[in-house]
Amino acid sequence: MAVLSATMLLISLFVLPLRPLRAWGGTAHSFIIDAALTSIPAQDRIAIRLGSEVRHLRNTVQMGDWVNSLIVDCENWHVTTEDFPLIGSEYFGNDYLLFPKAPHTYSHVMPQVAETYTPFFLRTLQALRTEDATNASRWMGTLLHFVTDSGSPSHTIPVLGPNHTKMENWLDASTIDLRSYHPMLLGRTDVEALAGLQTRMAGLIARNKIIAQRMVPYAQADDRAHLEPLAMDCATETAKVAADVIHTLLVLTPPVPDSQTGTLVVTVTAPFLPEHPLLPAKLVLLGTDYSTLSESVSAGSFDYAGSFHVSHLPPGRYHAAVERPGSATLFPGDFVLEAGHELALDWKLVSAHRNLVQNSDFALHWVRPDAPDHWHYEPAKKSWISDNIPVTVGNHYLASVASTGTTQVHLEWMAQHWKTTDDAAISLNNTNSPVDVLVPATAVYVRFVVDGVDGPNVHIRSLSFARSSGSADGTNSRSQVLLPPRHSDNP
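Quick summary incoming for the structure in this document. Worth saying up front: this structure is predicted, and the values here are computed from it rather than measured. (Residues numbered from 1 in each chain as written. Predicted model: local features only at pLDDT ≥ 70, side-chain atom pairs only at ≥ 80, totals over all residues. Heavy atoms only, no water.)

### Things to note about the pairing of strand E3 (residues 82-92)
Here is step 1: As paired elements, strand E2 (residues 70-79) and E3 share 10 bridges and run antiparallel to each other. Note on E3: the bridge partner recorded for Asn-76 is Pro-85.
Here is step 2: In this antiparallel pair of consecutive strands, E2 and E3, the connection spans two residues, and Thr-80 shows a positive phi of 55 degrees. (Pairing = 2+ DSSP bridges. Helix = DSSP H or I, 4+ residues; strand = E, 2+ residues; numbered from the N terminus.)

Written out as structure tokens, the structure is:
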């Protein structure tokens, strides 16, 4: 019996601070990585190191554009005439985009994109040394997104508008051939490699910038015949740099035993979350850059069960936090890792009554000490904004705020990860009971907006947004209080 297995990513998007500029037209990103992978030498053992995640790099290279996004990895097995679909995994893009050394999002055009190389190169090295193949490949995908974006001709100048799209879409990147290319090692130590990466990226940008300036008149004249060879030249060189980065990452992170470090293995269970049964738990080690997502062991109509495995950690005392939507954030007691030893722990998350708001009580401050995780301040709105919450059109949800003051709080519906809908916002002020809200046909996400410069935790104890099983008739909830539409194409 022949089985054809096809994996695709269905991406739901979630709160970008800027309107996205998709370099290399999305699919070209994937073809650039396809080409780069053909040149990786056999001694790097990438297929053994990353397993099936190698082919997912062509998808995870898009990670940089998945800020504030829910990502659903769907697998379909087709046998003769039958389909056997299955959701393989779910996770949030922010889990691979925000961490203490990179506490905010970045523009993907020059000059700011250059600020991503150091933190994400070092974080990817850390992931390859400490985390499983799934987590490591996603961190690698994030780094490769910024690397490949930097080589996009319209990102080097930069050029915006219709000409931006032409300069990176008018090419067939699937024809890039790097089979005879031998990747460069950017350095034999982390420090050397980081310096080598900076030099290699500067050279790529300077080279492609010259070509980009030649491309502009052709883009303005809609002259694809002259533009496409130049775009292909830029894409090919970008693929070579991507190959250099992948090769260097693998050489610097050989899977060798280390008696000087410790290993943490945690079994984690959490209450069943109907909307996202496979959504993993996230472990962070407070005061460090270490984090990882759990590998699902079982998930169905009962509790979620998963495991964390973090290796090559420096010996010492650690304080952790574990979070998952639908559960209260867990702060287990301190634990000590000893060199050459494995510490096995069992942690259980308690129910938050299916509350979908991440860090709903603002207790977790891992990414940055001056702001709660999953919240950011937007100066233009003079408000604190939550991460987007995935919603299902036509479903009812109950929203509530536990407040100690008169701070204005409302819900905004999101049509895209970065764009609100034209639907009126919903006021949650002075709510003595939950507000029943119906998801409009235009929404894919909802987010909380807390007015004021002060942190959201100054006057608010917690927020809740949970799917309602019996609120469609309005019982046990107040009616919606609608505000005038407040939407922006560039929140």
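Once the structure has been displayed, the description carries forward.
### A look at the layout of surface pockets
Here is step 1: Computed from the structure, the second largest pocket encloses a volume of approximately 520 Å³.
Here is step 2: Residue lining of the second largest pocket: 26 residues in total, with Glu-53, Gly-88, Ser-89, Thr-134 and Arg-138 positioned closest to the centre. (1 Å grid on protein atoms, 1.4 Å probe; cavity = no way out; pocket = protein on both sides within 12 Å on 5 of 7 lines; lining within 4 Å. Points joined across faces, edges and corners; volume = space filled by probe spheres on them.)

### Quick look at the sheet that holds strand E8 (residues 304-313)
Here is step 1: Spatial ordering of the open sheet is given by E7-E8-E4-E12, a layout of four strands whose pairing is mixed. Strands at the two margins of the open sheet, each flanked by one partner only, are strand E7 (295-298) and strand E12 (342-348). In this sheet, adjacent strand axes meet at a mean angle of 20 degrees when their direction is disregarded. (Axes fitted to C-alpha atoms, helices over the stretch in contact; angles between N-to-C directions.)

### A few points about the sheet that holds strand E16 (residues 396-403)
Here is step 1: On the basis of which strands lie adjacent, the open sheet formed by three strands has the order E19-E16-E21 and antiparallel pairing. At either end of the open sheet lies a strand with only one pairing partner, and these are strand E19 (435-438) and strand E21 (460-467). This sheet shows a mean twist of 25 degrees between the axes of neighbouring strands, independent of strand direction.
Here is step 2: In this structure, E16 lies alongside E21, joined through seven bridges in antiparallel fashion. By the bridge assignment, Ser-403 is partnered in E21 with Ile-460.

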